[in-house]
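# Coordinates in review
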Amino acid sequence: MSHDGSTKRQSPKHPYLAGNFAPVTKTWKPTPVSWTGDLPKELSGGMYVRNGGNPMANADLGREAHWFDGDGMLSGVWFSRSSSNANELDVQFVNQFILTDVYLSQIESTALRTPILPSIATLTNPASSLIWILWRIVRTVFIVILSHLPGSGFAIKRISVANTSVLYHDGRALAACESGPPMRLTLPELETVGWFDGNAVEGEPQNADKKDEPTLGGTGPLSWMREWSTGHPKVDNTTGELVLFHCSFAPPYVQYSIIPSSESNIVDYRSADDPSRIINAAVPNCTGGKLMHDFGVSKNSTVILDLPLSLSPLNLAKNSPVVAYEPWKPSRYGVFPRHHPEAVRWFETDGCCIFHTANTWDEYDADGKVAAVSLLACRLTSASVVFSAGNITPPPHPNHKDVVSEKPMSFFARYDDDPDPEKVDETTSLLSHQSVVPNPFGASSDLPISHDDEEQCRLYYYRFSLDSVTENVITHQFALAAIPVEFPTVSPLTAMESARYVYACSTSNESFGAALGKASKIDVLVRFDVQALLAKAQIDPPDPVTGCVDNRNLSQIMASKDPNDPIKVFRFPPMHYGQEATFIPRPRRGSATNKNTAFDEDDGYLVFYVFDEHQLNEKGECKEDAKSELWVLDAQTMARVQCRIQLPTRIPYGLHGNWFTEDQIARQKGVVKVRTLPVAATDTRWSRIKRSIHARMG
């Protein structure tokens with residue numbers, strides 16, 4: 001591993017270890033950066049942080065690598081107020097590895113040539129033998145045991161790499177991942193404090209008066225699995241509650257927790273029958289261990305996604321991969337009142353995959369009771385992304401149709417009398433021309449693009465009716481549009497309510513499932529007017545399951561001149577690719593506590609990292625001085641880049657980010673100790689034996 005700031009060279013054979021997917025090794029303390037354009041005043045004092053896997057031990061990975069692997073690394077831009085002038089900002093960049101148990105142990109165990117944890121690619125690859133998978137699992141267990149023996153510098157107590165998302169709850173910034181509990185961080189330094197057990201964090205001051213509450217996982221031989229928390233915990237901005245689920249291989253398979261906020265400015269809207277705190281409550285009647293990444297939470301309800309994408313070592317006994325997709329089985333949606341998982345009602349429909357939900361909201365009857373729960377999610381009709389992101393050929397879908405467009409109309413094609421995209425001046429508004437991005441795969445414009453309907457990834461609407469006490473009916477299930485989208489987000493002001501706008505990422509190349517296998521990148525951001533599209537569906541209802549409200553392709557949407565078009569897009573300039581966008585609202589006009597205060601829901605900005613792939617060399621690898629930018633886009637126009645912040649390093653294409661307000665940063669709980677990198681271990685007989693064992697294990 002390099003500690004001198006150099007970027008590791010990776011073989012271009014694996015798309016997720018090449019180009020701007022390749023990891024970086026240098027970390028940056030808060031460092032001043034420059035920008036062009038106008039910084040919105042709404043950014044003052046706040047900070048944007050994005051999480052993502054950044055593997056630090058790659059020497060012998062070979063084919064065993066997956067985009068979802070890797071040690072968590074946080075990359076942030078802090079818009080700090082100037083110490084000399086409160087009206088000016090000192091913009092600073094910072095990135096840090098999350099110092100998990102696994103990361104610290106890997107730093108100490110330099111003889112290990114491959115990561116401690118098995119790659120997701122190993123678990124999903126149909127070519128992986130039972131013996132090989134068992135060896136990788138046994139190897140991990142053995143390394144964990146070795147770390148607990150006397151003479152070890154750091155004991156591995158939790159195996160999470162904390163590399164998926166980042167959020168704020170009760171005075172703490174937290175990084176989350178499926179393989180463990182959340183990890184607390186400091187803002188703006190992004191230093192690692194310790195694991196959050198649902199009650200306290202190691203490294204925080206001890207409170208002698210604090211009530212001894214149950215913790216995530218509890219006690220017993222399976223407590224370590226009950227700590228495994230979703231990569232997408234939800235925080236209710238009104239009640240301050242943190243809502244999580246925990247998925248494992250053992251019955252009851254899914255457990256559920258709600259952790260209230262202790263902050264005095266939070267209003268408690270619970271009814272008298274609702275418990276304030278829930279820890280590891282069983283969600284009854286789940287069908288088994290699943291790859292369950294996200295869920296839906298509204299103001300009064302929760303939706304658990306029990307989909308036919310299993311994640312269980314027991315699959316090996318059936319001669320199936322640990323991760324297996326069985327689309328002939330139904331998708332099941334467990335809907336229950338937020339504080340009562342025991343009251344879950346299961347709704348079934350056609351099999352699919354969902355990795356990210358966009359928004360969830362309640363509908364009420366005349367008596368104020370919840371009559372229906374609606375869910376917006378990015379619904380995939382294939383599990384290709386799970387395999388493709390590990391450079392593994394996905395197994396064919398049972399209903400696969402090998403259809404290829406003779407003249408694919410993609411974002412690379414010309415529209416009308418567009419100018420030469422290479423001659424578009426960067427000072428020009430990025431949507432002032434209907435220009436196109438040049439084909440990154442070469443000069444040919446005749447690349448075959450799959451149009452198989454079994455490779456969809458669409459923003460999809462479900463409505464679960466609670467009117468009947470005897471039947472569970474999904475009254476609506478259809479796509480809002482035909483274009484592929486992922487990584488959805490809404491304004492924090494309307495999350496868990498009937499949000500009008502959903503923002504998402506798209507690729508102009510092909511469906512996300514297929515595109516990710518080629519390491520295709522995000523080159524389009526999309527804004528959906530959900531209310532307008534659902535109103536259109538009432539007039540002209542789409543076919544259930546397979547129908548779309550808006551059947552236009554991306555090129556047709558881009559060509560639209562309608563200022564009220566319910567779908568608007570932002571296209572990146574030639575060879576520029578983005579990452580998940582986060583919405584930052586402008587403050588509401590009038591009282592901040594008045595929920596009825598008028599405001600335009602899209603009145604705000606989208607922030608996201610951008611990389612210019614003109615910085616790649618002839619082999620498709622990043623040049624040593626390659627750098628990324630943070631862009632701030634006007635969300636109302638979806639056209640004007642308000643400003644661009646130039647960063648001192650590049651940000652590899654990663655996962656999920658969040659915006660932390662100035663007030664949240666100021667309200668952080670105290671910290672007495674943060675984690676630090678281990679000092680050089682004393683050369684003892686035991687340390688030499690341990691290094692020898694590690695070297696033999698590879």
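The rules behind each value
Residues numbered from 1 in each chain as written. Predicted model: local features only at pLDDT ≥ 70, side-chain atom pairs only at ≥ 80, totals over all residues. Heavy atoms only, no water. Helix = DSSP H or I, 4+ residues; strand = E, 2+ residues; numbered from the N terminus. Buried < 20%, exposed > 50% of the residue type's maximum accessible area, 1.4 Å probe, protein only. Contact = heavy atoms within 4.5 Å. Areas by Shrake-Rupley, 256 points an atom, 1.4 Å probe, with all protein chains shown as cover. Expected span 1.5 Å × (residues − 1). Arc of directions from axis to C-beta. UniProt positions renumbered as here; feature names shortened; annotations may be inferred. Polar contact = N/O pair within 3.5 Å; in protein donor to acceptor, adjacent residues only side chain to side chain. Pairing = 2+ DSSP bridges. Axes fitted to C-alpha atoms, helices over the stretch in contact; angles between N-to-C directions. Core = buried A, V, L, I, M, F, W, Y, C linked by side-chain atoms within 4.5 Å. Phe/Tyr/Trp six-rings, centres within 6.5 Å; stacked < 30°, edge-to-face > 60°. Lys NZ or Arg CZ within 6 Å of the ring centre and 35° of its normal.

With that settled, the discussion passes to the overall build of the protein. Within the protein, the regular secondary structure consists of ten helices and 34 strands. For the protein, the proportion of its 698 residues judged to be buried stands at 59%. For the protein, the share of sequence-separated contacts (at least 6 apart) that also reach a separation of at least 24 residues comes to 68%. When the accessible surface of the protein is split by element, carbon and sulfur atoms take 53% of a total near 29100 Å².

For helix H3 (residues 130–147), spanning 18 residues, the distance from its first C-alpha to its last is 26 Å, which sits close to the expected 26 Å at 1.5 Å a residue. Among all positions in H3, only Ile133, Arg136, Arg139, Thr140, Ile143, Val144, Leu146 and Ser147 are buried. Down the axis of H3, the buried side of the element spans an arc of 165°, and every buried residue falls inside it.

Take the UniProt feature "binding site: Fe cation" (unreviewed entry) in the protein next. Those places that UniProt annotates as "binding site: Fe cation" (unreviewed entry) correspond, in this numbering, to His232, His293, His356 and His656. The greatest C-alpha distance among the annotated residues, which extend across 425 residues, is 12.7 Å, indicating that they converge on a single site. Inspection of the secondary structure assignment puts His232 in the loop between helix H4 (223–226) and strand E10 (234–235). If near-sequence neighbours (up to four positions away) are discounted, His232 is found in contact with Thr164, Ser165, His293, Asp294, Phe295, His356 and His656. A polar side-chain atom of His232 sits 2.9 Å from a polar atom in the side chain of His293. Considering the arrangement of structural elements, one finds His356 in strand E20 (residues 353–364). Residue His356 is classed as buried on the basis of its relative accessible area of 8%. If near-sequence neighbours (up to four positions away) are discounted, His356 is found in contact with His232, His293, Asp294, Ala377, Cys378, Glu486, Phe487, Pro488 and His656. Polar side-chain contacts of His356 include one of 3.4 Å to the side chain of His232.

Turning our attention to helix H10 (residues 685–697). Between its first and last C-alpha, H10 extends 19 Å over 13 residues, near the 18 Å set by a 1.5 Å rise per residue. Along H10, the positions that sit buried rather than exposed are Ser687, Lys690, His694 and Met697. For H10, the arc enclosing every buried residue in end-on projection is 85°, short of the 170-degree limit, so these residues lie on one face. Exposed residues on H10 whose side chains face more than 90 degrees from its buried face are Arg685 and Arg696. Contacts from the buried residues of H10 go to helix H1 (101–108) and H3.

Take the pairing of strand E28 (residues 567–571) next. Among the five residues that make up E28, four are buried, leaving the element largely enclosed by the rest of the structure. The pairing of strand E26 (residues 524–529) with E28 spans five bridges and is antiparallel. Bridging across to E28, Val526 finds its partner in Val569.

Here the focus is unusual backbone geometry. The omega torsion across Leu187 and Pro188 is 5°, close enough to zero to call that bond cis. Following the sequence through the fold, Pro188 ends up in the loop between strand E8 (183–185) and strand E9 (192–195). For the peptide bond that leads from Pro251 to Pro252, omega is 5°, which places it in the cis range. By the element assignment, Pro252 lies in the loop between strand E11 (242–247) and strand E12 (254–259). Of note in the backbone geometry, Asn280 takes a positive phi value of approximately 55° without being a glycine.

Here we come to the sheet that holds E26. Here we have four strands laid out as an open sheet, ordered E24-E25-E26-E28, and antiparallel in their pairing. In this open sheet, the two strands that pair with only one neighbour each are strand E24 (486–489) and E28. Each adjacent strand pair in this sheet contributes to an overall mean axis angle of 20°, direction not counted. The strands touched by helix H7 (residues 530–539) within the sheet are strand E25 (501–506), E26 and E28, with E26 carrying the most contacts at an inclination of about 55°.

This part takes up the nonpolar core. Note that soluble globular proteins tend to have their nonpolar side chains buried in a common cluster. Among the nonpolar cores identified, the biggest contains 41 residues, and Leu376, Leu480, Ile483 and Phe528 are the most heavily contacted of them. Residues within four places of Leu480 in sequence aside, it is in contact with Leu376, Leu459, Tyr461, Val530, Leu533, Leu534, Val549 and Asp550. With 30 residues, the next largest nonpolar core counts Leu525, Phe570, Phe572 and Ala626 among its residues.

The residue Ser160 is located in the loop between H3 and strand E6 (165–169) in this model. Ser160 sits in the buried class, given a relative accessible area of 0%. Polar side-chain contacts of Ser160 include one of 3.0 Å to the backbone nitrogen of Ala162. Residues contacting Ser160, with those up to four places away along its chain left out, are Thr100, Val102, Cys177, Ser179, Gly180 and Trp195.

Another point: the environment of Asn553. Mapping Asn553 onto the fold places it in the loop between strand E27 (548–550) and helix H8 (554–559). Considered as a pair, Asn553 and Ala481 are 72 residues apart in the sequence and their alpha carbons are 8.6 Å apart. Engagement of the side chain of Asn553 in a polar contact is seen with the side chain of Ser555, the distance being 2.7 Å. Here the side chain of Asn553 touches Gln556 through a polar contact of 2.8 Å, landing on its backbone nitrogen.

Moving on, we come to the packing of aromatic side chains. Each aromatic ring pair is characterised by the separation of its centres together with the angle its planes make. If you walk through the whole model with that rule in mind, you get 27 aromatic pairs. Considering the side-chain rings of Phe570 and Phe572, the 5.2 Å spacing of their centres and the 75° angle between planes classify their relative orientation as edge-to-face. By relative accessible area, Phe572 is classed as buried at 3%. Over the face of the ring belonging to Tyr577 we find Lys521, whose NZ or CZ atom lies 5.1 Å from the ring centre.

Within the open sheet, the four strands sit side by side as E14-E15-E18-E19. Their pairing is antiparallel. Lying at the two open borders of the sheet, with one neighbouring strand each, are strand E14 (296–297) and strand E19 (345–349). Here six bridges tie strand E15 (residues 301–306) to strand E18 (residues 331–337), and the two strands are oriented antiparallel to one another. What sits directly across from Asp306, in E18, is Arg332.

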